[in-house]
Amino acid sequence: MSKNTEKSSQIKIKNSSTGLRVNRTLSYILLVLLAILCLFPFYLLVINATRSHAQVSTGFSLIPGKHLFKNINGVLQNSTFTVGSGMKNSLIIAILSAFLTTYFSTLTAYAIHMYNFKLKKFAFTFIMMIMMVPTQVSALGFLDLIDKMHLRDTLLPLYLPAIASPITFFFMKQYMESVLPGEIVEAARVDGAHEFRTFNTIIIPIMKPALAVQAIFAFVGSWNNYFMPALVISSQNKKTLPILMAGLRSASYQNFSLSQQYVAICMAIVPLMIMYFILSKYIIAGVTLGSVKG
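The notes below deal with the structure included here. Because the structure is a prediction, the values reported are computed rather than measured.

**Focus on the packing of aromatic side chains**
The final tally for this structure, using the stated rule, is ten aromatic pairs. Ring centres 5.9 Å apart and planes at 10° place the aromatic pair Phe-219 and Trp-223 in the stacked group. Residue Phe-219 and its partner Trp-223 are both found in helix H11 (residues 208–223); the two are separated by four residues, about one turn of the helix. Look at Trp-223 and you get buried, because its relative accessible area is 3%. The aromatic ring of Phe-124 is capped on one face by Lys-173, whose charged end is 5.0 Å from the ring centroid.

**Section: the nonpolar core**
One finds Phe-81, Phe-219, Trp-223, Leu-241 and Leu-279 to be the most contacted residues of the largest nonpolar core, which totals 24 residues. Elements represented by at least two residues in this core include exactly helix H4 (83–114), H11, helix H13 (241–249) and helix H14 (258–279). Top element by residues in this core is H14. It accounts for seven residues. The residues contacting Trp-223, other than those within four sequence positions of it, are Met-87, Ser-90, Leu-91, Ala-94, Leu-241, Pro-242, Ala-268, Pro-271 and Leu-272.

**A short note on empty space enclosed by the protein**
Over the atoms a probe the size of a water molecule is rolled, and this reveals where empty space is left. Evaluated as defined, the whole model comprises one cavity of 30 Å³ or more. For the largest cavity, the calculated volume is near 40 Å³. Residue lining of the largest cavity: Ser-90, Ile-93, Ser-222, Trp-223, Asn-225, Pro-229, Thr-240 and Pro-242, and that is the complete set. A per-class count over the lining of the largest cavity returns four nonpolar, four polar and no charged.

**What about the layout of surface pockets?**
As a volume, the largest pocket reaches approximately 1000 Å³. Surrounding the largest pocket, 30 residues form its lining, Thr-135, Pro-161, Ala-162, Ala-164 and Ser-165 being those nearest its centre. Secondary structure elements with two or more residues in the lining of the largest pocket: H4, helix H5 (120–131), helix H7 (156–159), helix H8 (166–179), H11 and helix H12 (227–232). Here the lining of the largest pocket takes five residues from H11, the largest share from any one element. Class assignment for the residues of the lining of the largest pocket results in 19 nonpolar, eleven polar and no charged. The volume enclosed by the second largest pocket comes to roughly 300 Å³. Lining the second largest pocket we find Leu-39, Phe-42, Leu-45, Val-46, Cys-266, Ile-269, Val-270, Leu-272, Met-273, Tyr-276 and Phe-277. At the level of elements, helix H1 (2–49) and H14 are the ones that each hand at least two residues to the lining of the second largest pocket. When residues in the lining of the second largest pocket are grouped by element, the largest group, seven residues, is from H14.

**What to know about a nonpolar patch on the surface**
A cluster of nonpolar residues, Val-22, Leu-26, Ile-29, Val-32, Leu-33, Ile-36, Phe-40, Tyr-43, Phe-60, Leu-62 and Ile-63, forms a patch on the protein surface that exposes about 1100 Å² of accessible area. As for its position among the elements, Tyr-43 is in helix H1.

**A short note on the packing of helix H9 (residues 182–190) against helix H10 (residues 195–206)**
Where H9 contacts H10, the axes come no closer than 10 Å and their chain directions differ by 145°. Classified by chirality, the crossing of H10 by H9 is right-handed. From H9, Ile-184, Val-185, Ala-188 and Arg-189 reach across to H10, where they touch Glu-195, Thr-198, Ile-202, Ile-203 and Ile-206. Along the lines of polarity and charge, the residues of the contact of H9 with H10 split into six nonpolar, one polar and two charged.

Procedures and definitions
- Residues numbered from 1 in each chain as written.
- Predicted model: local features only at pLDDT ≥ 70, side-chain atom pairs only at ≥ 80, totals over all residues.
- Heavy atoms only, no water.
- Phe/Tyr/Trp six-rings, centres within 6.5 Å; stacked < 30°, edge-to-face > 60°.
- Helix = DSSP H or I, 4+ residues; strand = E, 2+ residues; numbered from the N terminus.
- Buried < 20%, exposed > 50% of the residue type's maximum accessible area, 1.4 Å probe, protein only.
- Lys NZ or Arg CZ within 6 Å of the ring centre and 35° of its normal.
- Core = buried A, V, L, I, M, F, W, Y, C linked by side-chain atoms within 4.5 Å.
- Contact = heavy atoms within 4.5 Å.
- 1 Å grid on protein atoms, 1.4 Å probe; cavity = no way out; pocket = protein on both sides within 12 Å on 5 of 7 lines; lining within 4 Å.
- Points joined across faces, edges and corners; volume = space filled by probe spheres on them.
- Nonpolar A, V, L, I, M, F, W, Y, C, P; charged D, E, K, R; others polar.
- Patch = residues over 30% accessible without salt bridge, like charges linked within 9 Å, V, L, I, M, F, W, Y side chains within 5 Å.
- Areas by Shrake-Rupley, 256 points an atom, 1.4 Å probe, with all protein chains shown as cover.
- Salt bridge = Lys/Arg side-chain N within 4 Å of Asp/Glu carboxyl O.
- Axes fitted to C-alpha atoms, helices over the stretch in contact; angles between N-to-C directions.
- Left-handed = near helix turned anticlockwise from the far one by under 90°.

Structure representation (structure tokens):
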């Protein structure tokens, strides 16, 4: 009986190890397929950027063309696509938006999380209610406000409102509930540190993963934003990349070039990739630790 039992247990162990290897292999195959599906559009984007307008118009191709430098030169010489000023304006807006939304949303979340005051629940509920209001609903009132403040056709209205970001605030507050014990703040107060010093030197390093995640989201959202800049900006030298790329699409038939559009899209993606590679190591940790507690 003991020999039969030992033999059956060995068979079960062998079968379970074989099953694990099969499951691992299938998982790797699935992940490779998903990676190919995710990267395939970017590959097509680069391929089409190397082809001429006539070649792109003929349809799909996996083979690179020989017109990359000609297309880049055409984009740089296009009077409606001032890539230098567009890149500069988009970077200014995206960087300032990412900084303002992450810092001040974290500061607000810190106040709601650590302090007890009479209207604490009301303040949290009010911020959550604001989160439900779409940007398009308040656009007319916002435009009327910046007209009265003489801020139309400036970059200030495109990044200053990022100070108030209910979505970022909610993420930061949930993250604090997961990783920020009140004893740390109390110890800093006992040691004589004032509130802003505590926040900047103790809370910010603890919140670094969540800050990196929200900075990426805010940067990408601001970089790709077309709706509000199109309403606010009218001067050519203040237009952002999405507006300039829309100008390429609306060009006359003689000046329209699909290949130049793909080159412009490639140029617009480069800063996003740089931002992602710098902060990508924090994404998994930030999303996992900042998730809502059950």
